[in-house]
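Understanding the architecture of this molecule
Next come the chains, spelled out residue by residue.
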Amino acid sequence: MTAPLLPLAVVVDLDDTLYPQADYLAGAAAAVGAAATGLGVDGAGVHAALVRELAAGSDAGGTIDRALLAAGVPARDLPALVPPLVAAFTRHEPDTLTPYPGVPEALAALAAAAPLGCLTDGNPVIQAAKVAATGLGPLLGEVLVTDTLGGRAARKPHPAGLLALADRLGVPADRVLVIGDRPGKDVAVAAAVGARAVRIRQGEYAHAPDEPRAEAVVDSFPAAAALALEMLGSAVPA
Ligand SMILES: [Mg+2]
């Protein structure tokens, strides 16, 4: 098997790669709790139950339904409560999400060296609010939210997002280096198009197994960016 070609562009993930997603989830859960209080429900109880549900896995659907039931809300009340509480979650716009240490500097170095983009899964409104709150938007170049290509079915590791983003960056998809925290999404989407990936062990999936295997595994975004810069430096322009 031949090694993948050296990268000509870099694509970074957002959540748990550039900032701790737990900070966003904590704010969104608090917003849902406040909205529940406004609807005449035990908001503190709903908030606490939602925090527990999100800690058990932020990716699953139905977290608000389960949190309401766990907080003792009768099932018959869910149809009236879930839509406004989902809306409260979706509308939550944090003022600030603090990036992991060294992220702005590392992104600036990457952007100076090669085309740079961000590939992220999720509700497009929420993902845009997160980018805005991190203040990293101007450094990120192209931001592509996979859901805009076909809803949840287009989320990583589906290759559609990475193929579209590579096209926008003007490089073949197999010449992109993906940097992200989730093997099953970020490393897998790179593998799906024959590209390289660097995994950062941080956030909710820090302890997930290395499956599929990344080109390298590091402990911080600046460390991943340093590796990327090395690879870009030795890449021969196409
Ligand atoms: Mg992530």
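Parameters at a glance
Residues numbered from 1 in each chain as written. Predicted model: local features only at pLDDT ≥ 70, side-chain atom pairs only at ≥ 80, totals over all residues. Helix = DSSP H or I, 4+ residues; strand = E, 2+ residues; numbered from the N terminus. Rg over C-alpha atoms; globule rule 2.2 N^0.38 Å. Contact = placed C-beta atoms within 7 Å. Pairing = 2+ DSSP bridges. Axes fitted to C-alpha atoms, helices over the stretch in contact; angles between N-to-C directions. Domains from an automatic or database assignment. Nonpolar A, V, L, I, M, F, W, Y, C, P; charged D, E, K, R; others polar. Buried ≥ 20, exposed ≤ 12 C-beta atoms within 10 Å, placed from the backbone. Right-handed = clockwise from strand over helix to strand, strands pointing away.

With that out of the way, let us pick up the overall build of the chain. The number of helices and strands found in the chain is 10 helices and 6 strands. What you see for the chain is a C-alpha radius of gyration of 19 Å, in line with the 18 Å of a compact globule of 238 residues. For the chain, the C-alpha atoms occupy an extent of roughly 65 × 35 × 30 Å along the three principal directions. Looking at the chain alone, contacts between residues at least 24 apart form 64% of all its contacts between residues at least 6 apart.

In this section: the sheet that holds strand β1 (residues 9–12). Strand order in this open sheet of 6 strands is β3-β2-β1-β4-β5-β6, and the pairing throughout is parallel. Each end of this open sheet is capped by a strand with a single partner; those strands are β3 (142–145) and β6 (216–218). Here the strands of the sheet are splayed against their neighbours by 20 degrees on average, with no regard to which way each runs. Pairing geometry for β1 and strand β4 (residues 176–180), over 4 bridges, is parallel. By the bridge assignment, alanine 9 is partnered in β4 with valine 176. The strands touched by helix α10 (residues 221–233) are β1, β4, β5 (196–200) and β6; relative to β5, the strand with the most contacts, the crossing angle is about 160 degrees.

What follows covers the domain arrangement of the chain. One widely used convention gives an interface's size as the accessible area the parts lose upon coming together. Along its sequence, the chain is carved into domain 1 (9–20 + 98–233) and domain 2 (22–91). The straight-line distance from the C-alpha centre of domain 1 to that of domain 2 is 29 Å. Contacts between domain 1 and domain 2 engage 7 residues on the former and 5 residues on the latter. Classifying every residue of the side of domain 1 that touches domain 2 gives 4 nonpolar, 1 polar and 2 charged.

Now for the pairing of β5. Taking burial as the measure, the 5 residues of β5 include 5 buried ones, the bulk of the element. The side-chain alternation of β5 yields two buried faces, one formed by Arg196, Val198 and Ile200 and the other by Ala197 and Arg199. Of the pairings in the sheet, the one linking β4 to β5 comprises 4 bridges and is parallel in character. By the bridge assignment, valine 178 is partnered in β5 with alanine 197. At this point the chain moves from β4, through helix α9 (residues 183–192), to the parallel β5, and the crossover so formed is right-handed.

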